[in-house]
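What follows is the residue order along each chain.
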2 protein chains.
Amino acid sequence: MKANSSPSGVNRRVLLSSLALLPVLSGASAPAIAQTQTAQGSSLDAWSDGPAKRAILDFVRATTDQASSNFVPPEERIATFDQDGTLWVEHPIYSQVMYCLDRVPAVVEKEPKLRDVEPFKTVLSGNREAIAKLSLHDLEKILVVTLTGMSVDEFNEEAGKWLTTAKDGRWKRPYTDLIYQPMLEVMQYLRSNGFRTYIVTGGGQDFVRVYSDRTYGVPPEQVVGTAGGTKFAYRKDGTPFLTKEPKLLLNDDKAGKPEGIHLMIGRRPRAAFGNSDGDREMLEYTGAGPGARLMMLVLHDDPKREYAYGPAQGLPETKVGTFSQALYDEAKKKNWTVISMKNDWKRVFAFEA
Amino acid sequence: MKANSSPSGVNRRVLLSSLALLPVLSGASAPAIAQTQTAQGSSLDAWSDGPAKRAILDFVRATTDQASSNFVPPEERIATFDQDGTLWVEHPIYSQVMYCLDRVPAVVEKEPKLRDVEPFKTVLSGNREAIAKLSLHDLEKILVVTLTGMSVDEFNEEAGKWLTTAKDGRWKRPYTDLIYQPMLEVMQYLRSNGFRTYIVTGGGQDFVRVYSDRTYGVPPEQVVGTAGGTKFAYRKDGTPFLTKEPKLLLNDDKAGKPEGIHLMIGRRPRAAFGNSDGDREMLEYTGAGPGARLMMLVLHDDPKREYAYGPAQGLPETKVGTFSQALYDEAKKKNWTVISMKNDWKRVFAFEA
């Protein structure tokens, strides 16, 4: 395990700084996930005309035109997308961390002795300030207890249920509504041109798989994420099942992203999309291959429609989805495309008018 | 790491018992891999009419007929195939182990000090009896040295080169010629009916990926195998690359097969094919889901055209690809289909008349 990460792949420094902002226990009770945001058509309507949109169009044209020297055979058309901050909102806290906090009451119900044990006691109190002060060790305990120790089927059911009811604090919508319409369009556009779109996320692979297909049109086998081990065993009646184990197999962040891509896909991507220092190595690895390549970084510079953080905003580097000045400089030097949310996106969310 | 396995996923007991039989250092110099054996058509011509062929046809009919209560939507159509002994010849020794032994001279050339060090000295001697007597610890050293420590690109190049020149001892053909024509037909038939075919092998994931596409029509991203970690780093000129590390991430054998399927695919297969006790858990896991399921085991009962080993032959359980009496009994009890190579296959290899 890398020093800075938990088994759930959540950077702990990020976690701590984010907890201060969180709208504790979203515990909503509302309607279902929007089912309408999946693959159809291939327009880039939510994009303004500009260098970012042009980079996408040029890349697809070059790689799919048989007459082009940059033509890429369909089987090699792999595009990888970071999730948090690239495909959906990550600010002020990763949705998966909200899930873990929201899961604490259910865990305590099953194991009542945890009720008066820290850090569960504090989480149950709902006291935001106290929760924000939890130690790294305490947070680790919460993540392990809420993400492992149950069967894969139970986990899928619980996470699926949460996603239909939990709502974010600002938009009062299910988290899966908070996906970026322009990025969904890029995924659809790439797919309609023979690319396979993969999510390559520091978040939990099993967690993202629960909603990736209906939310992004990305099937479970095309989700690469931070992954723990499972353990095969038999129930009393002889039925085999898998239990989620507190054992880290892949820390899919930073250098772990190209490593995870090799493990799970076995091919170098042709296009890669990210928004933070955690995506740097994935973009470098993508860019190091021959032929036409597309590397893009989403810059959160739109406090009105979403959030502003990163180099353009001069915010500290300890926030969620750190986009450091060094990464910004590397992008400029290597001709990666920095997407300005403010200027390049006509529309951020599908639910906007 | 499980007690009985090496980082390359090769069962050590099997290895030892097989080494006695091996035609040491195939080191051939011959033509190229047959490129003709990949997906086309979907007939089952190499199959005799009988219960095995009927089971395949019935399963595909039931799962693809929209009017059937057993209809399976295309995205759920996953079929998994063990490789050694199920898709190609594993007897008397796994091809990958031959690769490792054949690689020793090249490794020694790069690190001359190994020339007089055991076990490399013995391998270089070409003395079959001495090689067969190598200790487990010695074999482990050979596997680690020949499969790790180089870049992913170097490994791919070396393994690819070996596959075009090495030949097996009995048929004097490249190993990739020794794939079972009937199994290739099943893969093609399933694919032409919307199934995705995955290889789920105890062999090395990176090794199998080198030839899986041209040999079986299975692309690298659909190969799940025993997998080691890689390490992302930069060359002096700043180019990023991945190095194969001697660190086991997934021991894809026995219980490791369903665990690997969950990690890499994230869906339960609808059909699974194997030939040994190493495939038991994969077949059990496949069979434990609802709806129509197909579980098949290849029985090697054809000493004339291939080999005979397993319960029908009363051979000891220490041979390659152990097919125990217990597995045979379980198959009968659970209505898994045991494929008799002798009776169910009209033709074993594509190169046969």
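Help me understand the overall build of chain A, please; the structure alone is not making it clear to me.
Counting its secondary structure elements, chain A contains 14 helices and eight strands. When burial is assessed residue by residue, chain A has 61% of its 353 residues classed as buried. For chain A, restricting intrachain contacts to residue pairs at least 6 apart in sequence, the fraction spanning at least 24 positions comes to 70%. Accessible area of chain A: about 13,700 Å², with a carbon and sulfur share of 50%.

Teacher, can you tell me more about the confidence of the model for chain A here?
Residue and element names in this part refer to chain A. Per-residue pLDDT for chain A averages 87, and the proportion of residues at 70 or more is 85%. Considering only residues more than four positions removed or in separate chains, one finds that residues 1–10, a stretch of pLDDT under 50, has 34 contacts. Between residues 20–41, whose pLDDT stays under 50, and residues either more than four places distant or in other chains, the model counts 62 contacts. Two numbers describe this predicted complex: its pTM, 0.89, and its ipTM, 0.89.

How should I be thinking about the packing of aromatic side chains in this particular structure?
What characterises a pair of aromatic rings is the spacing of the ring centres plus the angle enclosed by the ring planes. For the structure on display, the rule yields 36 aromatic pairs over all chains. Plain terms: the ring middles of A:Y99 and A:F207 are 5.3 Å apart, the flat faces sit at 45° to each other, and that makes the pair tilted. Of this pair, A:Y99 sits in helix α3 (residues 95–110) while A:F207 is found in helix α9 (residues 205–209), placing the two residues 108 residues apart along the sequence. Residues B:F59 and B:F195 carry aromatic rings whose centres are separated by 5.5 Å and whose planes lie at 45° to one another, so their mutual orientation is tilted. Here B:F59 is found in helix α2 (residues 51–64), whereas its partner B:F195 is found in the loop between α8 (181–191) and β2 (196–204), with 136 residues between them in sequence.

Before we go on, may I ask you to explain the packing of helix α7 (residues 152–165) of chain B against helix α9 (residues 205–216) of chain B in this structure?
All names here are of chain B. For the pair α7 and α9, interaxial distance at closest approach is 9 Å and the crossing angle is 55°. Classified by the interaxial angle, the pair formed by α7 and α9 is oblique. Judged by the twist between their axes, the crossing of α7 over α9 is right-handed. Residue-level contacts link F155, N156, A159, G160, W162 and L163 of α7 to D206, F207, V210, Y211 and R214 of α9. A class-by-class count of the residues in the contact of α7 with α9 yields seven nonpolar, two polar and two charged.

Looking at this model, I keep getting lost on the packing of helix α2 (residues 51–64) of chain A against helix α8 (residues 181–191) of chain A. Mind explaining?
The relative placement of two packed helices comes down to the angle between their axes together with the axis-to-axis distance. Residues and elements named next belong to chain A. For the pair α2 and α8, the least separation of the axes is 11 Å and the interaxial angle reads 15°. Looking at the two axes, α2 sits roughly parallel to α8. Viewed along their axes, α2 and α8 form a crossing whose handedness is right-handed. Residues I56, L57, F59 and V60 of α2 pack against V186, Y189 and L190 of α8. Of the residues assigned to the contact of α2 with α8, the class counts are seven nonpolar, no polar and no charged.

Help me out: how do you make sense of the environment of A:G85 in this one?
Residues and elements named next belong to chain A. By the element assignment, G85 lies in the loop between β1 (78–81) and α3. A sequence separation of 257 residues divides G85 from K342, and the C-alpha atoms of the two residues are 14 Å apart. Once residues lying within four places of it in the same chain are set aside, the contact partners of G85 are E90, Y180, N275, V298, H300 and Y309.

Explain the pairing of β2(B) here, please?
All names here are of chain B. For β2, a buried count of eight out of nine residues is recorded, marking the element as mostly surrounded by other parts of the structure. Examined bridge by bridge, strand β1 (residues 78–81) and β2 share four bridges and lie parallel to one another. Pairing of F81 across the sheet is with I199, part of β2. For β2 and strand β3 (residues 223–234), the ladder comprises four bridges, and the chain directions are parallel. Residue V200 lies in a different strand from β3, and its bridge partner there is V224.

How should I be thinking about helix α10 (residues 256–264) of chain B in this particular structure?
Note: α-helices contain 3.6 residues per turn, so residues at a spacing of three or four share the same orientation. Residues and elements named next belong to chain B. Within α10, nine of the nine residues are buried, which leaves the element mostly enclosed by the surrounding structure. Taken together, the buried positions of α10 are occupied by G256, K257, P258, E259, G260, I261, H262, L263 and M264. Trailing α10 by a residue or two, G266 shows a phi angle of about 80°, which is positive.

Which parts of the structure should I look at to understand the relation of the copies chain A and chain B?
One chain copy maps onto the other through a rotation about an axis and a shift parallel to that axis. Rotating chain A by 180° and translating it 0.0 Å along the rotation axis places it on chain B, where the RMSD comes to 0.0 Å. The operation mapping one copy onto its partner corresponds to a two-fold rotation axis. Comparing interface residues between copies, 100% of those in chain A also sit at the interface in chain B, which points to an isologous, same-surface contact.

Looking at this model, I keep getting lost on the pattern of salt bridges. Mind explaining?
Any two side chains of opposite charge can pair, on the condition that their charged atoms come close. Counted according to the given criterion, the structure contains 34 salt bridges over all chains. Here A:D82 makes a salt bridge to A:K257, at a shortest N to O gap of 2.9 Å. Here A:D82, found in the loop between β1 and α3, pairs with A:K257, found in helix α11 (residues 256–264); they are 175 residues apart in sequence, far enough to count as distant. Of the residues examined, A:K257 reaches a relative accessible area of 1% and is grouped as buried. One salt bridge connects B:R305 with B:D302, and the closest N-O pair in it is separated by 2.7 Å. Take B:R305 and B:D302: they sit in the same class, and that class is buried. It is possible to trace a salt-bridge network through shared partners that takes in A:D277, A:R280, A:E284, A:E330 and A:K334.

Quick notes on the rules
- Residues numbered from 1 in each chain as written.
- Chains lettered and ligands numbered in written order.
- Predicted model: local features only at pLDDT ≥ 70, side-chain atom pairs only at ≥ 80, totals over all residues.
- Heavy atoms only, no water.
- Helix = DSSP H or I, 4+ residues; strand = E, 2+ residues; numbered from the N terminus.
- Buried < 20%, exposed > 50% of the residue type's maximum accessible area, 1.4 Å probe, protein only.
- Contact = heavy atoms within 4.5 Å.
- Areas by Shrake-Rupley, 256 points an atom, 1.4 Å probe, with all protein chains shown as cover.
- pLDDT = per-residue confidence, 0-100.
- Phe/Tyr/Trp six-rings, centres within 6.5 Å; stacked < 30°, edge-to-face > 60°.
- Axes fitted to C-alpha atoms, helices over the stretch in contact; angles between N-to-C directions.
- Parallel < 35°, antiparallel > 145°, perpendicular 65-115°, else oblique.
- Left-handed = near helix turned anticlockwise from the far one by under 90°.
- Nonpolar A, V, L, I, M, F, W, Y, C, P; charged D, E, K, R; others polar.
- Pairing = 2+ DSSP bridges.
- Least-squares fit on C-alpha atoms with pLDDT ≥ 70 in both.
- Salt bridge = Lys/Arg side-chain N within 4 Å of Asp/Glu carboxyl O.

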